[in-house]
Amino acid sequence: MNLSIKQELEARYEKEVWIDTTLGEALENWAEKYQDKVAVTFDQVDYSYEDLNEKASRAANGLLKMGFKPGEHIVVQLPNSYEFIALVFGMFKAGIIPIFALPAQRKNEIYGILKNADATGYVIADSFMGFDYLSLADEVIEMGYEGKVLVSGDCKSFLSTEDLYRESADVLVESISPSSVALYLLSGGTTGIPKLIPRRHGDYLYMASQVAKRCELDEESVYLVSLPVEHNFPWGCPGVIGTLLTGGRVVIATVSSPDEILGLIEDEGVTITALVPVLANMCIDLLEYDDFDLSTLKVVQIGGSVLDPNLAMRIEESFECTLQQVFGIAEGLICTTKLEDDDETRFYKQGTPVSSYDEPRIVDEEGRDLTAGEFGHLITRGPYTIYSYFKGAKECVDEQCYFLTGDRARFCEDGNIQVVGRLMEMINRAGEKIDPTELEDMLVSHPEIEDVQVVGIKDDNLGEKICVFIRNDEETLKLNEIREFLISNKVAAFKLPDQIKYVSDWPLTNVGKINRKELKKMGEII
Ligand code: OOB
């Protein structure tokens, strides 16, 4: 990375783009502006902007009193809740940096994160969805974690988060720069210890406000947190932050289940929510035999993994609202379609960057720019995209400061981006490169195939072989029937699948994306 390029870019963003407040100050401003207007609804209780600001201030003072210092790192692994939002804003106010862990993570990952981050605190709930987090805390301590443990609920011998909120809500004097790190998000990936992504106050606020504009949020908007809130999508795209900065109301779902999500949309008059494709599909299944009044819903955002155009259309039909495709990375760049985009764009494309300062490019293996229509590697730089992970774990930008997404994408003639999958997911079968999405698109057009994934499986002779996974309780088609179907659709012989497997449910990652690495493993078991 060329440091003088980075400095030039940063000087420009600081002058022209970033919002000159911290997230903590932002909450103070919102509370002054919106006062007793409801900011958050959780578990049927409404909390005003003033409530939230007060609780956050108490948390900030409580944390400092407990001995935490500005600049220290605390891993927060709480379920979706009002407390998560209040506590994290307390950290923003105190200049303590939260690391957003997911409730589904277990000891190896959590210990790895605590250790890599040099965390001095770890916040958990006592239990959630039948899982005992106190035992998890015991385990990470046994593995060598030496910091404090704070528990929401029955804390046993650990510290209680309730003690934090007993402190005074008097204004704090911590002076924090808007260009300092506000929080760490975790990088995707389903194996290994996630890398920490530093996101700064001013650029995160800027990103959330840009996405909020794309979603046309206003003070009447009601945003439902359907996904785990620690994920960048429901937290800031526009998510919790984008909704609060426009004076809207955030409703929180505790578990990402279709009945809870659809029930809350009806009960709370939700106008917008964000889902991953698998979850949207599950909601559609439920809508087929259960009635929910979704008439307040205006926008369903879908992102996180490739959305099949057929599912895209069914989403609009079933939810009776506008679909907004969102391509995003926790490391920065967010692209979305616009609400007024035509059908072709909404169903097939992932939109355009939310900032005119974003500089996405599609390049070939030598780094040369490709023209519209050609697929290549998506790289990007811009005011809210990182240059490095915490402690420089893995180089992630090129010499000119472009972040390497690892995604395979193209620009359409109209400037919209289309992302088709991960570059590394290209199957390499005896040296021939096969794009799994091409086969998937073809296979879903078969009347007996609704849900399909194609992955490359290790093979001693071929390097990789092609395995088709079909989600269906019955094994309707045989391998040779699938091959014949593809042949009749003029698919080249070297792209024909070697193996077929049926699953009744997809293995999912912590945030509900289809876990393709797990599928690869399942494919290897004969
Ligand atoms: C979101 O962020 P991450 O960091 O969990 O995952 C990023 C990766 C991308 O590199 C891409 O491979 C995939 O997830 N992805 C999509 C996609 N959105 C993300 N692939 C195809 N189509 C899409 N629409 O997943 C994320 C962050 C903010 C907003 C939305 C999603």
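All values reported here derive from a predicted model rather than from experimental measurement.

Calculation rules
- Residues numbered from 1 in each chain as written.
- Predicted model: local features only at pLDDT ≥ 70, side-chain atom pairs only at ≥ 80, totals over all residues.
- Heavy atoms only, no water.
- Axes fitted to C-alpha atoms, helices over the stretch in contact; angles between N-to-C directions.
- Helix = DSSP H or I, 4+ residues; strand = E, 2+ residues; numbered from the N terminus.
- Parallel < 35°, antiparallel > 145°, perpendicular 65-115°, else oblique.
- Left-handed = near helix turned anticlockwise from the far one by under 90°.
- Contact = heavy atoms within 4.5 Å.
- Nonpolar A, V, L, I, M, F, W, Y, C, P; charged D, E, K, R; others polar.
- Buried < 20%, exposed > 50% of the residue type's maximum accessible area, 1.4 Å probe, protein only.
- Polar contact = N/O pair within 3.5 Å; in protein donor to acceptor, adjacent residues only side chain to side chain.
- Salt bridge = Lys/Arg side-chain N within 4 Å of Asp/Glu carboxyl O.
- Expected span 1.5 Å × (residues − 1).
- UniProt positions renumbered as here; feature names shortened; annotations may be inferred.
- Pairing = 2+ DSSP bridges.

> Run through the packing of helix 11 (residues 277–289) against helix 12 (residues 309–319), naming residues and quoting values.
Where helix 11 meets helix 12, the axes come as close as 10 Å, and the angle between the chain directions of the two elements is 45°. One finds that helix 11 runs oblique with respect to helix 12. Helix 12 is crossed by helix 11, and the crossing has left-handed handedness. Residue-level inspection shows P277, A280, N281, C283, I284, L287 and E288 of helix 11 in contact with helix 12, the latter providing L311, R314, I315, S318 and F319. In terms of residue class, the contact of helix 11 with helix 12 is built from 8 nonpolar, 2 polar and 2 charged.

> An account of the side chain of R381 is needed here, citing residue identities and associated values.
Note that R381 resides in the loop between strand 20 (376–380) and strand 21 (403–411). Using a relative accessible area of 14% as the deciding quantity, one classes R381 as buried. There is a polar contact of 2.8 Å between the side chain of R381 and the backbone oxygen of Q400.

> Lay out the pattern of salt bridges in plain terms, naming residues and giving numbers.
Should the charged atoms of two oppositely charged side chains come close, the side chains can pair. Inspection of every chain in the model, using the stated rule, returns 27 salt bridges. For K156, the salt bridge is made with D154, and the minimal N-O distance between the two is 3.7 Å. For K156, a relative accessible area of 60% corresponds to the exposed category. When its relative accessible area of 42% is taken as the criterion, D154 is described as partly exposed.

> Could you give me a rundown of helix 3 (residues 49–65), with the residues and numbers involved?
For helix 3, built from 17 residues, the straight-helix expectation of 24 Å at 1.5 Å per residue is met to within 8% by its first-to-last C-alpha distance of 24 Å. Buried residues along helix 3 sit in contact with helix 2 (23–34), strand 1 (38–42), strand 2 (45–48), strand 3 (73–77), helix 4 (82–94) and helix 9 (239–245). G67 occupies a position one or two residues after helix 3 and carries a positive phi of about 115°.

> I'd like a description of the UniProt feature "domain: AMP-binding enzyme C-terminal" (unreviewed entry) in the protein, backed by residues and values.
When the UniProt feature table is mapped onto this chain, "domain: AMP-binding enzyme C-terminal" (unreviewed entry) is found at residues 438–513. As annotated, residues 438–513 comprises 21% helix and 29% strand, and the C-alpha atoms at either end are separated by 19 Å.

> Outline the sheet that holds strand 12 (residues 222–225), listing residues and values.
As summarised here, the arrangement of the 9 strands in space is 2-1-13-12-14-15-16-17-18, forming an open sheet in which the pairing is mixed. Among the strands making up the open sheet, the edge pair consists of strand 2 and strand 18 (352–353). Relative to strand 13 (residues 249–252), strand 12 runs parallel, the two being bridged by 4 bridges. Within the sheet, the bridge partner assigned to V222 lies in strand 13 and is R249. On the sheet, helix 7 (residues 201–214) packs against strand 15 (299–303), strand 16 (322–329), strand 17 (332–336) and strand 18 and is oriented at approximately 5° with respect to strand 17. Contacting strand 14 (272–275), strand 15 and strand 16, helix 12 runs over the sheet at an angle of about 130° to strand 16.

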